[in-house]
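# Fold and geometry: a report
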Amino acid sequence: MTTYSPTLIWILIGLAGLGTWLIRLSFIALLGRVATIPDLAMRILRLIPPAVLAAIVTPSITHASGTFDLGTDRFVAGIIAGVVAWRTKNVLATIGAGMSVLWLLQAMS
Amino acid sequence: MNQPSARRAPFQAGFFDIAPILVGVFPFGIIAGIAAVEAGLDSIQAYAASPIVFAGASQLAMIDLIGRDAAPIVIVATVLVINARMAMYSAALAPTFRDLSPLRKAYGSYIITDQSFAVSIVRFDQIDETPSERFSYYMGASLGLWVTWQIASLAGVIIGSGVPEKWSLDFAVPLVFMALVFPAINDRASTIAAVTAATSAVAFVSLPLNLGLLVASGLGLVAGVIWSRE
């Protein structure tokens, strides 16, 4: 639970929204002045989703209890969901598998 | 021209083409709403990110960081890094949007998403239409996604306050990211970027200010770029 004030949260949402819109508008607004994205920038942009998403996911299952622990229910459920995500690439199947395994393990303990 | 949607008016065709994707967007939106309430945001703020930011993965990451009182600059930077990929979509859509009015450029930009971009670029490649028809198609797809996201995240905010903690629904957030990361890993460079970022994120989890995510992502990008040069 956050201790941040509503005002600060409004500012964060506002800046995130404005910045995101400017990214989306960037080349649409600049066309005519900027012809293409440099090759290196293009390669970096392509790699952002796999890098950032992987960096978000892993600690949430390896540090589920606050410290490094591969024996948690969440780690086991996360690994199984990871296999389902890899094989099916389906959001619903991944959430379904991960939550079912987690609930099952929690019910057994 | 063998797509059934090719015979429809462009706006409708866009909507019909994105419809199957919306099935997967709905639970994602519900989870974003629930997560925002659980992070301690009041209902209006928990919902507000959906129309103001309108970018699911970054909203979930932002909510997670706000819930942990991460440094404000890190929160905003994380959102912008996650959304930087949309500069690619902006560049790819720019030729089509070139002669549209500034107003259309403004709201057409705001509504860019991974999904509506993906279906639109396929259509633009397959069917020869005027920029205005293409914009209609793109808006049909984008508005379909926008409305779905708004309804789903609003539903999540409403449900959110009533979900018992023992259901552990916060775990659905990493599960959503997991479902998104695998389709993004499609060659050697992206595999190396993901594996490097994942292991670095574990190693740097206790960096101050919740900087671990940004540092690990940066290392993943560097590793991926180095390997994609060969």
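Quick caveat, the model's predicted, so the values are computed rather than measured.

## Some words on the overall build of chain A
In terms of helices and strands, chain A carries four helices and zero strands. Helices and strands in chain A line up, N terminus first, as α-α-α-α. Its C-alpha atoms give chain A a radius of gyration of 20 Å, more than 25% over the compact-globule value 13 Å for 109 residues. Projecting the C-alpha coordinates of chain A onto the three principal axes gives extents of approximately 60 × 40 × 25 Å. Put simply, chain A has 109 residues, and 41% of those count as buried.

## Considerations on the overall build of chain B
Assigned secondary structure in chain B consists of eleven helices and zero strands. Across chain B, helices and strands are ordered from the amino to the carboxyl terminus as α-α-α-α-α-α-α-α-α-α-α. By the compact-globule yardstick of 17 Å for 230 residues, chain B fits well, its C-alpha radius of gyration being 19 Å. Here the C-alpha coordinates of chain B stretch approximately 55 × 50 × 30 Å along the principal axes. Counting only residues that meet the buried cut, chain B has 52% of its 230 residues in that class.

## What about the interface of chain A and chain B?
Taken together, the 62 residues of chain A in the interface contact 77 residues of chain B. Those elements giving two or more residues to the side of chain A that touches chain B turn out to be helix H1 (6-30), helix H2 (39-62), helix H3 (73-88) and helix H4 (91-108) of chain A. Here the side of chain A that touches chain B is built from residues that sort into 42 nonpolar, 16 polar and four charged.

## Some remarks on the environment of Phe68 of chain A
Residue and element names in this part refer to chain A. Mapped onto the secondary structure, Phe68 falls in the loop between H2 and H3. Take Phe68: there are 13 C-beta atoms within 10 Å of it, and that puts it in the partly exposed class. Beyond its immediate stretch of four places on either side in the chain, Phe68 contacts Thr62 and His63.

## Side note on the environment of Asp69 of chain B
Positionally, Asp69 of chain B belongs in the loop between helix H3 (56-67) and helix H4 (72-83). Measuring from C-alpha to C-alpha, the distance between Asp69 of chain B and Ala39 of chain B comes to 9.7 Å, with 30 residues separating the pair along the chain. Dropping the residues within four chain positions of it, Asp69 of chain B is found in contact with Thr2, Thr3 and Tyr4 of chain A.

## Some words on the domain arrangement of chain B
Reports of interface size often rely on the accessible area that becomes lost once the parts have come together. Residues and elements named next belong to chain B. Taken as a whole, chain B is organised into domain 1 (4-166) and domain 2 (185-230). The C-alpha-based centres of domain 1 and domain 2 are spaced at 25 Å. Each side of the interface is counted separately: domain 1 has eight residues, and domain 2 has six residues. Element by element, the count of residues in the side of domain 1 that touches domain 2 is highest for H4, at four residues. Residues that form the side of domain 1 that touches domain 2 fall into these classes: six nonpolar, one polar and one charged.

## A closer look at the domain arrangement of chain A
Taken domain by domain, chain A holds domain 1 (1-35) and domain 2 (38-108). Each of domain 1 of chain A and domain 2 of chain A was reduced to a C-alpha centroid, and the two centroids are 27 Å apart.

## Some points on the environment of Ile44 of chain A
As for its placement among the helices and strands, Ile44 of chain A is situated in helix H2. Of the residues examined, Ile44 of chain A has 20 C-beta atoms within 10 Å and is grouped as buried. Not counting residues within four places of it along the chain, the set of residues in contact with Ile44 of chain A comprises Leu221 and Val225 of chain B.

## Here's the deal with H3 of chain A
Residue and element names in this part refer to chain A. End to end, H3 covers 22 Å across 16 residues, agreeing with the expected 22 Å (1.5 Å per residue, within 8%). Looking at H3, one finds that the buried residues are Arg74, Ala77, Gly78, Ala81, Gly82, Val84 and Ala85. One or two residues past the end of H3 sits Lys89, with phi positive at roughly 50 degrees.

## Points about the nonpolar core
Burial of nonpolar side chains together is a common tendency in soluble globular proteins. The biggest cluster of nonpolar side chains holds 108 residues, and the ones touching the most others in it are Val176 and Val181 of chain B. When residues no more than four places from it in sequence are discounted, the contact partners of Val181 of chain B are Pro50, Leu53, Ala54 and Val57 of chain A together with Ala194 of chain B.

## So, the confidence of the model for chain B
Detailed conclusions should not be drawn from predicted coordinates in areas where pLDDT is low. For chain B, the average pLDDT comes to 91, and 97% of its residues sit at 70 or higher. The ipTM for the predicted assembly is 0.88, set against a pTM of 0.86.

## A word on unusual backbone geometry
Positive phi, normally seen in glycine, also occurs at Lys89 of chain A, with a value near 50 degrees. Following the sequence through the fold, Lys89 of chain A ends up in the loop between H3 and H4. You will see that Phe54 of chain B, though not glycine, has its phi angle at about 50 degrees, which is positive. Within the secondary structure, Phe54 of chain B is located in the loop between helix H2 (43-52) and H3.

## Examining helix H9 (residues 172-184) of chain B
An ideal rise of 1.5 Å per residue puts 18 Å on 13 residues; H9 of chain B measures up with 19 Å between its terminal C-alpha atoms. Taken across its 13 residues, H9 of chain B has twelve buried, putting it largely inside the fold. For H9 of chain B, the complete set of buried residues consists of Ala172, Val173, Pro174, Leu175, Val176, Phe177, Met178, Ala179, Leu180, Val181, Phe182 and Ala184 of chain B. On its buried face, H9 of chain B sits against H2, H3 and H4 of chain A together with helix H1 (10-38), H3 and helix H10 (188-203) of chain B.

Reading the values: the criteria
- Residues numbered from 1 in each chain as written.
- Chains lettered and ligands numbered in written order.
- Predicted model: local features only at pLDDT ≥ 70, side-chain atom pairs only at ≥ 80, totals over all residues.
- Helix = DSSP H or I, 4+ residues; strand = E, 2+ residues; numbered from the N terminus.
- Rg over C-alpha atoms; globule rule 2.2 N^0.38 Å.
- Buried ≥ 20, exposed ≤ 12 C-beta atoms within 10 Å, placed from the backbone.
- Contact = placed C-beta atoms within 7 Å.
- Nonpolar A, V, L, I, M, F, W, Y, C, P; charged D, E, K, R; others polar.
- Domains from an automatic or database assignment.
- Expected span 1.5 Å × (residues − 1).
- Core = buried A, V, L, I, M, F, W, Y, C linked by C-beta atoms within 7 Å.
- pLDDT = per-residue confidence, 0-100.

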